[in-house]
Amino acid sequence: MIRRRALLQRAIALGLISPLTACDFDDPAHPDLADKFLSAMSRWNDMVQAALFNPHTLAPSFRPDQITRPPRFNAFYDISQAPVVSPASWRLALSGQIADQRPWRLDELQALPQQSQITQLTCVEGWRTIGQWAGVRLSEFLRRVGADLTCRYVGFHCADGYYTSIDMASALHPQTILALSFLGAPLTPPFGAPLRLRIPTKLGFKNPKSLVALSVTNIYPGGYWEDQGYNWFSGS
Ligand SMILES: Nc1nc2c(c(=O)[nH]1)N[C@H]1C(S)=C(S)[C@@H](COP(=O)(O)O)O[C@H]1N2
Ligand SMILES: [Mo]
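Please read these numbers as outputs of a predicted model, since none were measured by experiment. Position numbers for residues count from 1 along each chain, tracking the sequence in the order it is written. The order in which chains are written sets their letters, starting at A; the order in which ligands are written sets their numbers, starting at 1. Given that this is a predicted model, residues contribute local features only at a pLDDT of at least 70 and side-chain atom pairs are listed and counted only at 80 or more, while totals for whole chains, interfaces and linings are drawn from all residues. Values reported for side chains reflect all heavy atoms of the structure, with hydrogen atoms and water molecules removed beforehand.

Participant: Looking at this model, I keep getting lost on the pattern of salt bridges. Mind explaining?
Facilitator: Oppositely charged side chains can form a pair if their charged atoms are brought close together. A pair is scored as a salt bridge if a Lys or Arg side-chain nitrogen falls within 4 Å of a carboxyl oxygen belonging to Asp or Glu. This structure, assessed with the given rule, holds ten salt bridges. Between E140 and R144 there is a salt bridge; the shortest N-O distance is 2.8 Å. Taken together, the residues E140 and R144, both in helix α4 (residues 138–144) and four residues apart, mark about one turn of the helix. We call a residue buried when its accessible area falls under 20% of the maximum for its residue type, exposed when it is over 50%, and partly exposed in between, using a 1.4 Å probe and counting protein chains only. Classification of E140 as partly exposed rests on a relative accessible area of 29%. Connected through salt bridges with shared partners, the residues D100, R102, R105, D107 and E108 form a single ionic network. Note on conventions: DSSP H or I runs of at least 4 residues are helices, E runs of at least 2 residues are strands, and numbering of each starts at the N terminus.

Participant: Which parts of the structure should I look at to understand the site of ligand 1?
Facilitator: A cutoff of 4 Å decides nearness: a residue is near a molecule or strand if any of its heavy atoms lies inside that distance of it. Lining the immediate environment of ligand 1, one finds 16 residues, of which R72, D160, R196, N207 and K209 sit closest. A distance of 3.0 Å separates an oxygen atom of ligand 1 from a polar atom in the backbone of F76. Polar contact is defined as a pair of N or O atoms within 3.5 Å, subject to the rule that within protein one atom must be able to donate a hydrogen and the other to accept it, and that residues adjacent in sequence are counted only when both atoms are side-chain atoms. Between ligand 1 and R196, the relevant distance is 2.8 Å, taken from an oxygen atom to a side-chain nitrogen or oxygen of the residue. Isolated, ligand 1 exposes 540 Å² of accessible area, and the fraction of that covered by the protein chains is 97%. Only the protein chains shown count as covering a residue, and every accessible area follows the Shrake-Rupley method with a 1.4 Å probe.

Participant: It is not clear to me how the nonpolar core should be interpreted in this structure. Could you clarify?
Facilitator: Taken as a class, soluble globular proteins show a tendency for nonpolar side chains to be buried jointly. To qualify as a nonpolar core, a set must consist of buried Ala, Val, Leu, Ile, Met, Phe, Trp, Tyr and Cys residues joined through side-chain atoms within 4.5 Å. Membership of the largest hydrophobic core comes to 31 residues, with the highest contact counts inside it found for L92, L138, F141, L142, V154, L214 and V216. Those elements that provide at least two residues to this core are α3 (106–110), α4, β4 (153–158), α5 (168–171), β6 (177–182) and β9 (211–217). Not counting residues up to four positions away in its chain, the partners in contact with V154 are L142, T164, S165, I166, M168, A171, L214, S215 and V216. In this structure, W133, I177, A179 and A193 belong to the second largest nonpolar core, which totals nine residues. Throughout, a contact is declared for two residues whenever any of their heavy atoms are within 4.5 Å.

Participant: Which parts of the structure should I look at to understand the packing of aromatic side chains?
Facilitator: Here the aromatic set is Phe, Tyr and Trp, taking the six-membered ring for Trp, and pairing holds for ring centres within 6.5 Å; pairs whose planes are under 30 degrees apart are stacked, those over 60 apart are edge-to-face, and all others are tilted. What the rule picks out here adds up to 17 aromatic pairs. Where F53 meets F233, the ring centres are 6.2 Å apart and the plane angle is 65°; that geometry is what we call edge-to-face. Within this pair, whereas F53 is found in the loop between α2 (33–52) and β1 (93–96), its partner F233 is found in the segment after β9, the two being separated by 180 residues in sequence. Of the two residues examined, F53 and F233, each falls in the buried class. Relative to F191, the ring of F182 has its centre 6.3 Å away and its plane inclined at 10°; by these criteria the two rings are stacked. As far as the burial class goes, F182 and F191 line up, both buried. In textbook terms, an aromatic cluster arises when at least three aromatic residues are bridged by ring pairs, as seen for F73, F76, Y77, W133, Y162, F182, F191, F205, Y224, W225 and Y230. Only lysine NZ and arginine CZ atoms are considered, and such an atom sits over a ring when it is within 6 Å of the ring centre and within 35 degrees of the ring normal. Positioned above the aromatic ring of Y220 is the side chain of R43, whose terminal nitrogen or guanidinium carbon lies 4.2 Å from the ring centre.

So yeah, pure geometry; function would need other evidence.
Right, dumping it as C-alpha coordinates:
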(Lines give C-alpha, C1' and ligand atoms only; values in the text may rest on other atoms or scores of the structure.)
(Ligands and ions follow the chains in the order given, each with its own letter.)
Protein backbone atom coordinates (compact mmCIF):
# COMPACT_ATOMS: atom_id res chain seq x y z
CA MET A 1 0.00 0.00 0.00
CA ILE A 2 2.84 2.35 0.85
CA ARG A 3 4.48 1.71 -2.53
CA ARG A 4 1.16 2.28 -4.28
CA ARG A 5 0.64 5.56 -2.47
CA ALA A 6 4.18 6.64 -3.38
CA LEU A 7 3.45 5.84 -7.02
CA LEU A 8 0.21 7.75 -6.87
CA GLN A 9 1.94 10.79 -5.35
CA ARG A 10 4.63 10.66 -8.03
CA ALA A 11 1.93 10.50 -10.70
CA ILE A 12 0.26 13.58 -9.24
CA ALA A 13 3.61 15.38 -8.98
CA LEU A 14 4.24 14.63 -12.65
CA GLY A 15 0.85 16.07 -13.49
CA LEU A 16 -0.41 12.74 -14.79
CA ILE A 17 -3.47 13.02 -12.56
CA SER A 18 -4.64 16.41 -11.35
CA PRO A 19 -6.47 17.22 -9.20
CA LEU A 20 -7.03 13.90 -7.50
CA THR A 21 -10.64 13.31 -6.62
CA ALA A 22 -12.78 10.29 -7.39
CA CYS A 23 -14.84 12.31 -9.85
CA ASP A 24 -11.88 13.05 -12.06
CA PHE A 25 -11.55 9.37 -12.87
CA ASP A 26 -14.96 9.67 -14.51
CA ASP A 27 -14.12 12.93 -16.28
CA PRO A 28 -15.98 12.72 -19.62
CA ALA A 29 -13.14 14.72 -21.23
CA HIS A 30 -10.70 11.86 -20.43
CA PRO A 31 -12.73 8.68 -20.78
CA ASP A 32 -9.70 6.33 -20.79
CA LEU A 33 -7.87 7.92 -17.90
CA ALA A 34 -9.26 5.62 -15.21
CA ASP A 35 -8.68 2.53 -17.37
CA LYS A 36 -5.13 3.53 -18.20
CA PHE A 37 -4.36 4.33 -14.60
CA LEU A 38 -5.83 1.06 -13.33
CA SER A 39 -4.01 -1.08 -15.90
CA ALA A 40 -0.75 0.73 -15.07
CA MET A 41 -1.39 -0.07 -11.40
CA SER A 42 -2.09 -3.70 -12.30
CA ARG A 43 1.23 -3.96 -14.18
CA TRP A 44 2.96 -2.40 -11.17
CA ASN A 45 1.19 -4.96 -9.01
CA ASP A 46 2.58 -7.73 -11.30
CA MET A 47 6.12 -6.48 -10.63
CA VAL A 48 5.59 -6.41 -6.87
CA GLN A 49 4.06 -9.90 -6.87
CA ALA A 50 6.90 -11.25 -9.02
CA ALA A 51 9.44 -9.71 -6.63
CA LEU A 52 7.69 -11.27 -3.62
CA PHE A 53 7.30 -14.68 -5.28
CA ASN A 54 9.33 -17.34 -3.50
CA PRO A 55 10.06 -20.24 -5.87
CA HIS A 56 10.52 -22.59 -2.89
CA THR A 57 7.28 -21.83 -1.03
CA LEU A 58 4.76 -24.59 -1.64
CA ALA A 59 1.00 -24.11 -1.97
CA PRO A 60 -0.85 -26.06 0.76
CA SER A 61 -1.54 -29.75 0.22
CA PHE A 62 -4.66 -31.52 1.48
CA ARG A 63 -5.73 -35.00 2.58
CA PRO A 64 -7.67 -37.30 0.22
CA ASP A 65 -10.82 -36.96 2.39
CA GLN A 66 -10.76 -33.18 1.85
CA ILE A 67 -11.24 -33.50 -1.91
CA THR A 68 -14.35 -31.65 -3.13
CA ARG A 69 -16.91 -33.98 -4.68
CA PRO A 70 -18.22 -33.51 -7.23
CA PRO A 71 -15.62 -31.13 -8.67
CA ARG A 72 -16.82 -27.69 -9.72
CA PHE A 73 -16.63 -26.71 -13.40
CA ASN A 74 -15.87 -23.24 -14.66
CA ALA A 75 -15.15 -21.73 -18.07
CA PHE A 76 -16.28 -18.74 -20.10
CA TYR A 77 -19.16 -20.93 -21.36
CA ASP A 78 -21.55 -23.58 -20.05
CA ILE A 79 -20.28 -27.11 -19.26
CA SER A 80 -22.28 -28.52 -22.21
CA GLN A 81 -20.13 -26.40 -24.57
CA ALA A 82 -16.78 -27.82 -23.39
CA PRO A 83 -14.53 -28.90 -26.28
CA VAL A 84 -14.12 -32.63 -26.89
CA VAL A 85 -10.64 -33.44 -28.17
CA SER A 86 -9.70 -36.79 -29.71
CA PRO A 87 -6.79 -38.08 -27.58
CA ALA A 88 -5.31 -40.07 -30.50
CA SER A 89 -4.99 -37.13 -32.89
CA TRP A 90 -4.26 -34.54 -30.19
CA ARG A 91 -0.85 -32.83 -30.26
CA LEU A 92 0.76 -30.18 -28.09
CA ALA A 93 2.35 -27.64 -30.46
CA LEU A 94 5.51 -25.85 -29.29
CA SER A 95 6.75 -22.47 -30.40
CA GLY A 96 8.99 -19.56 -29.42
CA GLN A 97 12.35 -19.96 -27.66
CA ILE A 98 12.30 -23.79 -27.65
CA ALA A 99 15.11 -25.80 -29.29
CA ASP A 100 13.06 -28.95 -30.05
CA GLN A 101 9.68 -27.83 -31.39
CA ARG A 102 8.45 -31.29 -32.37
CA PRO A 103 4.77 -31.56 -31.33
CA TRP A 104 4.07 -33.90 -28.39
CA ARG A 105 1.64 -36.82 -28.35
CA LEU A 106 -0.31 -37.86 -25.27
CA ASP A 107 1.46 -41.22 -24.85
CA GLU A 108 4.83 -39.44 -24.85
CA LEU A 109 3.70 -37.20 -22.00
CA GLN A 110 2.27 -40.20 -20.13
CA ALA A 111 5.69 -41.91 -20.37
CA LEU A 112 7.44 -39.08 -18.47
CA PRO A 113 7.75 -39.08 -14.64
CA GLN A 114 4.42 -38.07 -13.07
CA GLN A 115 3.84 -35.89 -10.01
CA SER A 116 0.60 -36.09 -8.02
CA GLN A 117 -0.83 -33.31 -5.84
CA ILE A 118 -3.93 -32.65 -3.75
CA THR A 119 -4.27 -28.89 -3.91
CA GLN A 120 -6.85 -26.14 -3.94
CA LEU A 121 -8.09 -24.31 -7.02
CA THR A 122 -9.29 -20.79 -6.20
CA CYS A 123 -11.48 -18.91 -8.67
CA VAL A 124 -11.66 -15.10 -8.64
CA GLU A 125 -15.42 -15.51 -8.47
CA GLY A 126 -14.89 -16.46 -4.83
CA TRP A 127 -15.08 -20.24 -4.62
CA ARG A 128 -12.49 -22.97 -4.06
CA THR A 129 -12.29 -26.65 -4.80
CA ILE A 130 -9.77 -29.22 -3.65
CA GLY A 131 -8.77 -31.82 -6.21
CA GLN A 132 -6.10 -34.35 -7.02
CA TRP A 133 -4.20 -33.79 -10.22
CA ALA A 134 -1.20 -35.67 -11.61
CA GLY A 135 1.10 -35.03 -14.53
CA VAL A 136 4.48 -33.88 -15.73
CA ARG A 137 6.32 -31.09 -13.99
CA LEU A 138 6.38 -28.13 -16.35
CA SER A 139 10.01 -27.44 -15.35
CA GLU A 140 10.97 -30.99 -16.39
CA PHE A 141 9.10 -30.62 -19.69
CA LEU A 142 10.65 -27.24 -20.49
CA ARG A 143 14.16 -28.60 -19.84
CA ARG A 144 13.50 -31.65 -22.00
CA VAL A 145 12.43 -29.60 -25.04
CA GLY A 146 15.33 -27.19 -24.64
CA ALA A 147 13.29 -24.13 -23.70
CA ASP A 148 15.20 -20.93 -22.99
CA LEU A 149 14.57 -20.71 -19.24
CA THR A 150 15.79 -17.11 -19.16
CA CYS A 151 12.71 -16.02 -21.14
CA ARG A 152 10.06 -14.08 -19.24
CA TYR A 153 6.86 -15.86 -20.24
CA VAL A 154 5.29 -19.23 -20.93
CA GLY A 155 2.10 -18.86 -22.96
CA PHE A 156 -0.71 -21.39 -23.43
CA HIS A 157 -3.49 -21.82 -26.00
CA CYS A 158 -6.52 -24.08 -25.56
CA ALA A 159 -8.92 -26.05 -27.75
CA ASP A 160 -11.76 -23.63 -26.88
CA GLY A 161 -9.80 -20.51 -27.85
CA TYR A 162 -8.93 -19.67 -24.24
CA TYR A 163 -5.36 -18.51 -23.65
CA THR A 164 -3.22 -17.32 -20.78
CA SER A 165 0.41 -16.90 -19.79
CA ILE A 166 2.62 -17.12 -16.72
CA ASP A 167 6.00 -15.82 -15.59
CA MET A 168 9.00 -18.16 -15.96
CA ALA A 169 9.67 -18.34 -12.19
CA SER A 170 6.14 -19.68 -11.60
CA ALA A 171 6.47 -22.02 -14.59
CA LEU A 172 9.54 -23.59 -12.92
CA HIS A 173 7.83 -23.92 -9.52
CA PRO A 174 7.84 -27.60 -8.38
CA GLN A 175 4.01 -27.75 -8.10
CA THR A 176 3.39 -26.40 -11.60
CA ILE A 177 2.40 -29.42 -13.70
CA LEU A 178 1.05 -30.33 -17.10
CA ALA A 179 -1.78 -32.42 -15.65
CA LEU A 180 -3.00 -35.54 -17.43
CA SER A 181 -5.23 -36.97 -14.73
CA PHE A 182 -7.77 -36.04 -12.08
CA LEU A 183 -8.57 -38.36 -9.13
CA GLY A 184 -6.38 -41.05 -10.69
CA ALA A 185 -8.26 -41.18 -14.00
CA PRO A 186 -7.55 -39.37 -17.28
CA LEU A 187 -8.93 -35.81 -17.37
CA THR A 188 -12.48 -35.60 -18.73
CA PRO A 189 -13.42 -33.03 -21.43
CA PRO A 190 -15.00 -30.33 -19.26
CA PHE A 191 -12.09 -30.47 -16.79
CA GLY A 192 -9.33 -30.05 -19.33
CA ALA A 193 -8.85 -33.29 -21.31
CA PRO A 194 -6.44 -34.33 -22.48
CA LEU A 195 -3.93 -31.94 -20.87
CA ARG A 196 -4.22 -28.87 -18.66
CA LEU A 197 -1.93 -26.66 -16.68
CA ARG A 198 -2.28 -27.08 -12.93
CA ILE A 199 -0.58 -24.27 -11.01
CA PRO A 200 -1.74 -24.12 -7.38
CA THR A 201 0.26 -20.94 -6.67
CA LYS A 202 -2.05 -18.98 -8.97
CA LEU A 203 -5.78 -18.27 -9.34
CA GLY A 204 -8.07 -20.60 -11.29
CA PHE A 205 -8.03 -18.61 -14.51
CA LYS A 206 -4.24 -19.16 -14.77
CA ASN A 207 -4.94 -22.94 -15.04
CA PRO A 208 -5.72 -23.36 -18.76
CA LYS A 209 -7.61 -26.52 -19.75
CA SER A 210 -7.48 -28.61 -22.95
CA LEU A 211 -4.11 -27.24 -24.00
CA VAL A 212 -3.17 -27.31 -27.67
CA ALA A 213 -0.10 -25.06 -27.76
CA LEU A 214 2.70 -23.86 -25.50
CA SER A 215 5.18 -21.08 -26.22
CA VAL A 216 8.23 -19.61 -24.49
CA THR A 217 8.71 -15.94 -25.21
CA ASN A 218 9.84 -12.50 -24.09
CA ILE A 219 6.84 -10.88 -25.79
CA TYR A 220 3.99 -10.39 -23.28
CA PRO A 221 1.30 -12.92 -24.34
CA GLY A 222 -1.56 -11.65 -22.12
CA GLY A 223 -4.60 -13.84 -21.64
CA TYR A 224 -8.35 -14.15 -22.16
CA TRP A 225 -9.26 -12.58 -18.79
CA GLU A 226 -6.02 -10.65 -18.37
CA ASP A 227 -6.75 -8.69 -21.57
CA GLN A 228 -10.10 -7.72 -20.02
CA GLY A 229 -8.43 -6.29 -16.93
CA TYR A 230 -7.77 -9.21 -14.58
CA ASN A 231 -4.42 -8.89 -12.85
CA TRP A 232 -1.85 -10.84 -14.90
CA PHE A 233 0.39 -12.31 -12.16
CA SER A 234 -2.55 -13.39 -9.97
CA GLY A 235 -0.44 -15.56 -7.70
CA SER A 236 1.49 -15.88 -4.52
N1 LIG B 1 -9.59 -23.77 -21.76
C2 LIG B 1 -10.06 -23.11 -20.68
N3 LIG B 1 -9.38 -23.19 -19.54
C4 LIG B 1 -9.83 -22.54 -18.43
C5 LIG B 1 -11.00 -21.75 -18.47
C6 LIG B 1 -11.69 -21.66 -19.71
O7 LIG B 1 -12.71 -20.98 -19.86
N8 LIG B 1 -11.20 -22.37 -20.79
N9 LIG B 1 -11.45 -21.12 -17.33
C10 LIG B 1 -10.48 -20.94 -16.21
C11 LIG B 1 -11.13 -20.62 -14.94
S12 LIG B 1 -11.75 -19.04 -14.76
C13 LIG B 1 -11.15 -21.49 -13.87
S14 LIG B 1 -11.71 -21.02 -12.34
C15 LIG B 1 -10.68 -22.88 -14.03
C16 LIG B 1 -11.76 -23.87 -13.60
O17 LIG B 1 -11.27 -25.18 -13.68
P18 LIG B 1 -12.24 -26.40 -13.35
O19 LIG B 1 -13.36 -26.39 -14.34
O20 LIG B 1 -11.38 -27.62 -13.45
O21 LIG B 1 -12.74 -26.17 -11.94
O22 LIG B 1 -10.31 -23.16 -15.38
C23 LIG B 1 -9.59 -22.16 -16.02
N24 LIG B 1 -9.12 -22.68 -17.27
MO1 LIG C 1 -12.00 -18.74 -12.48
